[in-house]
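# Remarks on the overall topology
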Amino acid sequence: SSKKLIECSTNSFSPESVRLVDGAGFCSGRVEVKSNQSWASVCEADFDRQDAEVVCGEFGCGAPAALQGGLYGEGEGQTWDKEFQCKGNESLLLDCDTSDRENNTCLPGNAVGLTCSEPDDVRLVGGGSRCAGGVEWYDQGEWRTVGADDWNQRDVAVVVCRQLGCGSTVSVLPGNTTRGFGVYCDGSESSLRECSRSYHLRPGLTVICSDLLVQPDIFLTDPMGGVFRGHQGPEMFRGYNFTITCSTLPQYPGGSFLLTFTGSNRTQTQPAVNHSAAFLFPAADDSHQGNYSCVYDNYVFSHNFSSESELLSLTITGN
């Protein structure tokens, strides 16, 4: 390991760390990198959105929201003399390639400032959906298991579903065998950051939220060429056959699609095969004009869930 340290320190051109300075919070500020024990600001021309994505991820923040020279003032010291060449998938800015800058001047007002969106610091893992799974919190550069006492798990789950925009809490299950750092919520908080926490280990928890299923898609196909795109959406010639297809992302096996027709109680149901279902209409007539939607139903985690597509508005027109 001593040889590795020597190799790192002998490369005087490698940045040792990165910070955001003079911002409104820990997810914004002027980008500065440390090299040879001193901090240097970075020129706007040497830092693009892919570089910004890496820095935002390194700080546990969300995607870049603003990237601009002079956004958070000028640095006191020198300017970094390389251009970053991140691909966007690196976990640290130090992992990115650099290249020599084409010209060596960085004009005043061009020290790059970065605003990342608020941290995506809570996630649910292992449940097949962003709205189901074991609770993890991004803390000090890594994802850690969250735990709570049995009597408080329901309140913690309510806050997690709310923070993720996943609707209400459907159920709370024991987590995996891992215990996590303890969180206490009263259920009124908008995010886990507002709850009190301790590093005493508590049982992990798995949370299932109501918006488990992604929104399905609905689309119209016509093998005979009877559809054309009107101002209000698709228009269908009378007498032609057409198909309305419902589909969803492959989250869970099985399930079924219900095709609803607005303004009547006419519905059709088909099982989901390869996460889709096709509803065939043999000859279009005026009774087919109206709004259609697909409702995907599935029974998972011992509960029924459903999700509805956008409306498809179909007009029937002359022969």
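Residues numbered from 1 in each chain as written. Predicted model: local features only at pLDDT ≥ 70, side-chain atom pairs only at ≥ 80, totals over all residues. Heavy atoms only, no water.

Looking at an unreviewed UniProt entry, the protein chain carries the name SRCR domain-containing protein, with the source organism given as Oncorhynchus kisutch. UniProt annotates the protein chain under Subcellular location (unreviewed entry) with the comment "Secreted". (UniProt positions renumbered as here; feature names shortened; annotations may be inferred.)

### Notes on the side chain of Glu32
With respect to the helices, strands and loops of the structure, Glu32 is situated in strand S2 (residues 28-35). There is a polar contact of 2.7 Å between the side chain of Glu32 and the side chain of Arg19. Within the structure, the side chain of Glu32 is placed 3.1 Å from the side chain of Arg30, a separation counted as a polar contact. Among residues more than four places away in sequence, those in contact with Glu32 are Ser17, Val18, Arg19, Val21, Trp39, Ala40, Ser41 and Gly75. (Helix = DSSP H or I, 4+ residues; strand = E, 2+ residues; numbered from the N terminus. Polar contact = N/O pair within 3.5 Å; in protein donor to acceptor, adjacent residues only side chain to side chain. Contact = heavy atoms within 4.5 Å.)

### Quick word on the nonpolar core
In this structure, Leu212, Phe242, Ile244, Phe257, Leu259 and Tyr292 are the most contacted members of the largest nonpolar core, which totals 28 residues. Ranked by residue count, the leading element in this core is strand S20 (residues 290-300), at 4 residues. Listed in part, the 22 residues of the second largest apolar core include Val135, Ala148, Leu164 and Val183. (Core = buried A, V, L, I, M, F, W, Y, C linked by side-chain atoms within 4.5 Å. Buried < 20%, exposed > 50% of the residue type's maximum accessible area, 1.4 Å probe, protein only.)

### A short note on the packing of aromatic side chains
Evaluated as defined, the whole model comprises 11 aromatic pairs. One aromatic cluster in this structure is built from Phe242, Phe261, Phe281 and Tyr292. Positioned above the aromatic ring of Trp137 is the side chain of Arg197, whose terminal nitrogen or guanidinium carbon lies 4.3 Å from the ring centre. (Phe/Tyr/Trp six-rings, centres within 6.5 Å; stacked < 30°, edge-to-face > 60°. Lys NZ or Arg CZ within 6 Å of the ring centre and 35° of its normal.)

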